[in-house]
Amino acid sequence: MQATAIAQPNIALIKYWGKRDIARNLPAVGSISITLSDLYTSIEVQLDETLGEDSLSINGVAEQRSLPRMSACLENILGTERAHARIISECNFPMAAGLASSASSFAAATVAAAIAGGLPLSTAEMAGLAGRASGSAARSLYGGFAELRNDENSIRVEQLCDKDAWPLRVVVAITESGPKHTGSTDAMEISRQTSPFYSSWVAQQDDDLAVARMAIEQRDFSALAAIAEHNCLKMHSVMWASRPAITYWNAATMRCMETIRSLQNEGRGVFFTIDAGPQIKAVCLPEDEEAVAEALAATSGVQSTMRCGLGDAARVVV
Ligand code: PMV
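In this report, we go over the structure that sits alongside the text.

Rules used in this analysis
- Residues numbered from 1 in each chain as written.
- Predicted model: local features only at pLDDT ≥ 70, side-chain atom pairs only at ≥ 80, totals over all residues.
- Heavy atoms only, no water.
- Helix = DSSP H or I, 4+ residues; strand = E, 2+ residues; numbered from the N terminus.
- Polar contact = N/O pair within 3.5 Å; in protein donor to acceptor, adjacent residues only side chain to side chain.
- Contact = heavy atoms within 4.5 Å.
- Near = heavy atom within 4 Å.
- Areas by Shrake-Rupley, 256 points an atom, 1.4 Å probe, with all protein chains shown as cover.
- Nonpolar A, V, L, I, M, F, W, Y, C, P; charged D, E, K, R; others polar.
- Phe/Tyr/Trp six-rings, centres within 6.5 Å; stacked < 30°, edge-to-face > 60°.
- Pairing = 2+ DSSP bridges.
- Axes fitted to C-alpha atoms, helices over the stretch in contact; angles between N-to-C directions.

**Considerations on the side chain of D288**
- Note on placement: D288 falls in the loop between β14 (280-284) and α8 (289-297).
- A polar contact is formed between the side chain of D288 and the side chain of R268, at a distance of 3.1 Å.
- If sequence neighbours within four positions are ignored, D288 has contacts with R268 and G269.

This is the structure in structure tokens:
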């Protein structure tokens, strides 16, 4: 009745923004992501009939705010009659700051809960269940490059390319370490209801996905760079035009984008992507990683940088 699982966060190159069905947490658009190495969340789920309620600790500290969402995730997997659980989470990177900690948390929780509950679920089934808790979590059930397709009534995730088949590197520039001002679930809904660009964002997504899929298949870095930056800026344009406007960037985020433009002008293989937070993720070719990391670390307002490669699927820790 106890299991521990580990999952790595993933970052979307073609983004998910907006829900088709809020109750079932179905995304309005498909997405393509890379699962990262080095950063991780490990979650132990201890199911215990003697407990009167669930508890959650994160890095040794009791956490109430995230508990209802975690309990709902377990309930969705194990049913309402399940035993209560002690949920012990360890995360080695800043949480709720636009670094996809919800993806790794809910992916790890899903795998740990399924094993603790003795449920022999397939990866596809676990991806579906993780996606109910956090859309992006479904993608962390797969390593390397993954695509989430949003069918009418469900989601389907598949691996597009193994991490070793195209071993890109990622430099993350942290420009602010506090939690984000608006969670992505609320922000997406504001965009859906108010942004005049929302419907064209949704309408264009299949074309962006097709371009990115082809770039990955052909290992065409420049093509992937162009479509990923375009898709990221389009998602943030949808947010900026929402009412109230949703802006996750700060001045250092902008300066990092300028740094990356300069590196590109020098011929470096690098592109940026930014999620629901002010951090910059610079995806680069291995031979350019050193120059990218140095340039971002020297950019004014960057507090720290982290480097990683592409990571593995969520898995049980034995
Ligand atoms: O899965 P959520 O609810 O944390 O939303 C993820 C939203 C983005 O990170 C901005 C984009 C994405 O596809 O991961």
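**Re the site of the ligand**
- Taken together, 14 residues sit near the ligand, with Y16, S134, S136, R139 and S184 positioned nearest.
- Contacts to the ligand include S102, whose side-chain N or O atom sits 3.2 Å from an oxygen atom.
- Measuring from an oxygen atom of the ligand, one finds a side-chain N or O atom of S184 at 3.2 Å.
- Within the complex, the protein chains bury 93% of what would otherwise be the 390 Å² of accessible surface of the ligand.
- Partitioned by chemical class, the residues of the shell around the ligand number six nonpolar, five polar and three charged.

**A look at the packing of aromatic side chains**
- Inspection of every chain in the model, using the stated rule, returns three aromatic pairs.
- Centre to centre, the rings of W240 and W249 are 5.2 Å apart; their planes meet at 65 degrees, and the pair counts as edge-to-face.

**A closer look at the sheet that holds strand β5 (residues 31-35)**
- Ordered by their spatial adjacency, four strands build an open sheet running β2-β5-β10-β11, and the pairing between neighbours is antiparallel. The sheet is open, and its two edges are formed by β2 (10-14) and β11 (155-161), each paired on a single side. The sheet shows a mean angle of 30 degrees between the axes of neighbouring strands, direction not considered.
- Taken together, the four bridges between β2 and β5 define a ladder with antiparallel strand orientation. When the sheet's bridge partners are listed, I11 is paired in β5 with I34.
- Most of the contacts of helix α5 (residues 198-217) go to β5, to which it runs at about 40 degrees, and overall it touches β2, β5, β10 (145-150) and β11.

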